[in-house]
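Per-entry structural report
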Amino acid sequence: MDASQFYRLFRQAAQTYQLYPAESPVRAEASVRLARTLEEAQQSEGVSIVFLDEGAFVDGQRLKTVGDETGLPLWRRLFELGVGELRFLPGSTPQELGRLFDLLSRAQQGLLNPVDEDLSVLLWESELTHVTYWLYEDDSWLEQDLNEAGAGIGDEWNEILNAEAEEAGDGRLFVSGADQVLSLEDGAAGVNIQRDVKSVPYRGLPLGEYLDEEVTIGSEMPTGPFIRLSEEERLGILSEHRRDASEVVPWKYGRLLIEVLRLETEPDDQARIESLLTEYVDALLDAERFVLLRALAGRFRDCIEAGAPAGLIRSEARLATPEAAGRLVAFLSEPRNAAQRRDEYEAAGDLLAMSSLDSLLRLRHEAPEAVRERLDDLLRGRLRRDVVVWSECFSSREREIRLLALECPPDAPEVGRKLRDLAREGDAESRCLAIRALSTFVEPATLAILAGSLHDPEASVRVAAAEALAAQGGPRSLEPLLRVLVGKEFERRDARERRIFFVAAGRAAPREVFPVLARLAEQRSLFGRHDESSKAEVAISALVELGDEAAPFLVERWGTKHRDLLRRFERLRLAQVAQARPGSARAA
């Protein structure tokens, strides 16, 4: 791997995050470019960048001076922040790199709050799964202060060294160097001690003296608060403390348990941490902390998608048990919770969507009507997404569950096959539901089933097939409808069924069908035959139901020659719209 090229991309990404705003796409492009380079490197131990006082090193290769940097070099700025090494492990994602560069950019610009924002803690909280880091503390100011003190090694220390040399026997003791390194070498009989002691900086009091030291507050030091706070400031601090105690600390504790369980390898420790995590989830359920549980569930899913151990999967499954679902339903059943605890109420509904299918089906019979509607919505979403769940509901002994499955089929080949079998062999109601469900399956086998169902003995099945073909649309759907419309048996069907077929044909292919319906409506006259008047009534009612789609065509066709038909169409259209309004008696 070319160390200079990699560092150049690293420096470009760091500068991009420092110069461009957060919403700029240039940031994302820089992260993607660096992530692609790391992926192409294919190094099992990752790529390391070390920042030292004398320069930067990539995988042990010292980088040459880069001439296009102005001001303080990037490696020097990171070194002064306390960053000693960054190692990018295989699998580094652009999102992880983006979080890293964003944090380093804020630190370089001095945007971190020195009171409660520490770089090491923020790096840990950034969830850098594939980035390791080594930080150090810069104590150069302490060395400078101690050098100015000018203290020597002291006679007492020399006496200790002499005593140790006499107990060592034969040998020579050398005390040399700024750090007072001691060494013994074999020599002649007796003890020959030579001292080469240089003055060293004073290293401060021993740790024990710091711990034993007592600080006495003199009478000149005030015992009260240094700054008097206003009532508003005091309440603000108290509110912030309560928020930290109720939200920040519990969230960090739960996430820490998840991270430790994800990384732990010892079976005994895994079992212990899994027990703690399960108890913590139960405690949050008892306390109705559903917003926090929803956040932890998101963290569970991220870890499981990345390959989590069995203990973490079992802990996450705790949220899907019937007991947990029962608590969620009990909370959602209280009307006052919807108004007074809106955030927790919404979070409880989101968590209920994670419950197992058995829990949802069992609770559906016990929950109040309002909660049952929400459970049905959750089941519909699960049915549309999961073929296994749909198959279980489709095979259920409960009629309501089977009907719910037929309302929401997922788009999968095996589902289409089951629906086609039911459309051919089921009872009339099941055939209708299966045909309506097949409206989303655009394939030759489905089209053949729908075309054949247009001649079914049951009128409801024929209507369902016509509406399903209208939903599919296009010339392929129009052809079987037209074969029925021109057949002799179509004249013997009632007006409602004929209107539905006209509407279905108009929705399947408006350009071809609108002129035909307009000609049928124009055949109505005061002295016309009964069958022609009936066709005209059915045609104009079909055009009214097609509504906004047919209106522009009819205005152009009837605007000059058939104003009476256009006025009738508009009058019937307004009456239909009025009946559909919520305030009308018909809609009620």
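This text follows the structure it describes.
Scope of this entry: the structure provided in the associated data block. Given the structure is predicted, the values throughout are model-derived calculations rather than measurements.

1. Some thoughts on the overall build of the chain
Scanning the chain for helices and strands turns up 29 helices and seven strands. Across the 588 residues that make up the chain, the buried fraction comes to 38%. Carbon and sulfur atoms provide 51% of the accessible area of the chain, an area that totals close to 34,800 Å².

2. Describing the packing of helix α13 (residues 322–332) against helix α15 (residues 342–352)
Helix-helix packing: each pair is described by the crossing angle between the helix axes and the interaxial distance. Two elements in contact, α13 and α15, have axes whose closest approach is 10 Å; the angle formed by their N-to-C orientations is 145 degrees. Relative to α15, the crossing made by α13 is left-handed. Facing α13, whose interface residues are A325, L328, V329, F331 and L332, α15 presents E344, Y345, A348, G349, L351 and L352. Its residues assigned to classes, the contact of α13 with α15 comprises nine nonpolar, one polar and one charged.

3. Description of the side chain of R420
Residue placement: R420 occurs in helix α20 (residues 413–425). Overall, the relative accessible area of 12% leaves R420 in the buried class. Polar side-chain contacts of R420 include one of 2.7 Å to the side chain of E443. With residues up to four places along the chain from it excluded, the contact list for R420 reads L438, E443, A445, T446 and I449.

4. What to know about the sheet that holds strand β2 (residues 55–58)
Pairing is antiparallel in the open sheet, where five strands are placed in the order β3-β2-β1-β4-β5. Whereas interior strands pair on both sides, the edge strands pair on one side only; in this sheet they are β3 (61–62) and β5 (131–135). When β2 meets β3, the two strands line up antiparallel, connected through two bridges. Along β3, the bridge assignment pairs V58 with Q61. Along the sheet face, helix α3 (residues 74–81) touches β1 (47–52), β2 and β4 (83–88) and points at about 75 degrees away from the line of β1.

5. Overview of the packing of aromatic side chains
Here the distance between the centres and the angle between the planes together describe a pair of aromatic rings. According to the stated counting rule, one finds eleven aromatic pairs in the structure shown. Ring plane angle 80 degrees and centroid distance 5.1 Å describe the contact between Y253 and Y280, whose orientation is recorded as edge-to-face. One end of the pair, Y253, is in helix α9 (residues 231–263); the other, Y280, is in helix α10 (residues 267–286), with 27 residues separating them in the sequence. Take Y253: its relative accessible area is 37%, and that puts it in the partly exposed class. For Y280, a relative accessible area of 11% translates into the label buried.

6. As for the environment of T16
Following the sequence through the fold, T16 ends up in helix α1 (residues 3–19). In the structure, T16 is positioned 89 residues away from S105 in sequence and 9.2 Å away in space, judged by C-alpha atoms. Ignoring sequence-local partners within four residues, the contact set of T16 consists of V26, R27 and A30. At 2.7 Å, the side chain of T16 and the backbone oxygen of Q12 are in polar contact.

7. Structural notes on the pairing of β2
Pairing analysis gives four bridges linking β1 to β2, with the strands arranged antiparallel. Residue pairing for β2: F51 is matched across the bridge by A56. Connecting β2 to the next strand, β3, in antiparallel fashion are two residues, including D59 with a positive phi near 50 degrees.

8. Comments concerning helix α12 (residues 310–317)
Burial in α12 covers these residues: G311, L312, S315 and E316. Buried residues of α12 fall within an arc of 135 degrees about the axis and therefore sit on the same side.

9. Notes on the pattern of salt bridges
If you walk through the whole model with that rule in mind, you get 25 salt bridges. The salt bridge partner of E127 is R299, with a shortest N-O separation of 3.5 Å. In this pair, E127 sits in the loop between α5 (119–125) and β5 while R299 sits in helix α11 (residues 290–305), placing the two residues 172 residues apart along the sequence.

10. Quick look at the side chain of Q108
As for its placement among the helices and strands, Q108 is situated in helix α4 (residues 94–108). A polar contact is formed between the side chain of Q108 and the side chain of R77, at a distance of 2.7 Å.

11. Structural notes on the packing of α20 against helix α22 (residues 444–453)
For the pair α20 and α22, interaxial distance at closest approach is 11 Å and the crossing angle is 15 degrees. On the basis of their axis angle, the class for α20 and α22 is roughly parallel. Note on packing geometry: the crossing formed by α20 with α22 is left-handed. Contacts between α20 and α22 pair R420, A423 and R424 from the former with A445, T446 and I449 from the latter.

12. Considerations on the pairing of β1
Of the pairings in the sheet, the one linking β1 to β4 comprises four bridges and is antiparallel in character. Across the sheet, the residue bridging to V50 is E85, located in β4. Following β1, the chain reverses through two residues before pairing antiparallel with β2.

13. Some thoughts on the environment of L263
You can see L263 is positioned in helix α9. Its relative accessible area of 57% is what places L263 among the exposed residues. Residues L263 and A308, spaced 45 residues apart in sequence, show a C-alpha to C-alpha distance of 9.0 Å.

14. Let's talk about the environment of A22
Relative to the assigned elements, A22 resides in the loop between α1 and α2 (25–41). Residue A22 is classed as exposed on the basis of its relative accessible area, which comes to 60%. With 80 residues separating them along the chain, A22 and D102 place their C-alpha atoms 8.5 Å apart.

15. Details of unusual backbone geometry
Of note in the backbone geometry, D59 takes a positive phi value of approximately 50 degrees without being a glycine. Within the fold, D59 resides in the loop between β2 and β3. Here the phi dihedral of E127 falls at roughly 55 degrees; this positive angle occurs in a residue that is not glycine.

Quick notes on the rules
Residues numbered from 1 in each chain as written. Predicted model: local features only at pLDDT ≥ 70, side-chain atom pairs only at ≥ 80, totals over all residues. Heavy atoms only, no water. Helix = DSSP H or I, 4+ residues; strand = E, 2+ residues; numbered from the N terminus. Buried < 20%, exposed > 50% of the residue type's maximum accessible area, 1.4 Å probe, protein only. Areas by Shrake-Rupley, 256 points an atom, 1.4 Å probe, with all protein chains shown as cover. Axes fitted to C-alpha atoms, helices over the stretch in contact; angles between N-to-C directions. Left-handed = near helix turned anticlockwise from the far one by under 90°. Contact = heavy atoms within 4.5 Å. Nonpolar A, V, L, I, M, F, W, Y, C, P; charged D, E, K, R; others polar. Polar contact = N/O pair within 3.5 Å; in protein donor to acceptor, adjacent residues only side chain to side chain. Pairing = 2+ DSSP bridges. Phe/Tyr/Trp six-rings, centres within 6.5 Å; stacked < 30°, edge-to-face > 60°. Arc of directions from axis to C-beta. Salt bridge = Lys/Arg side-chain N within 4 Å of Asp/Glu carboxyl O. Parallel < 35°, antiparallel > 145°, perpendicular 65-115°, else oblique.

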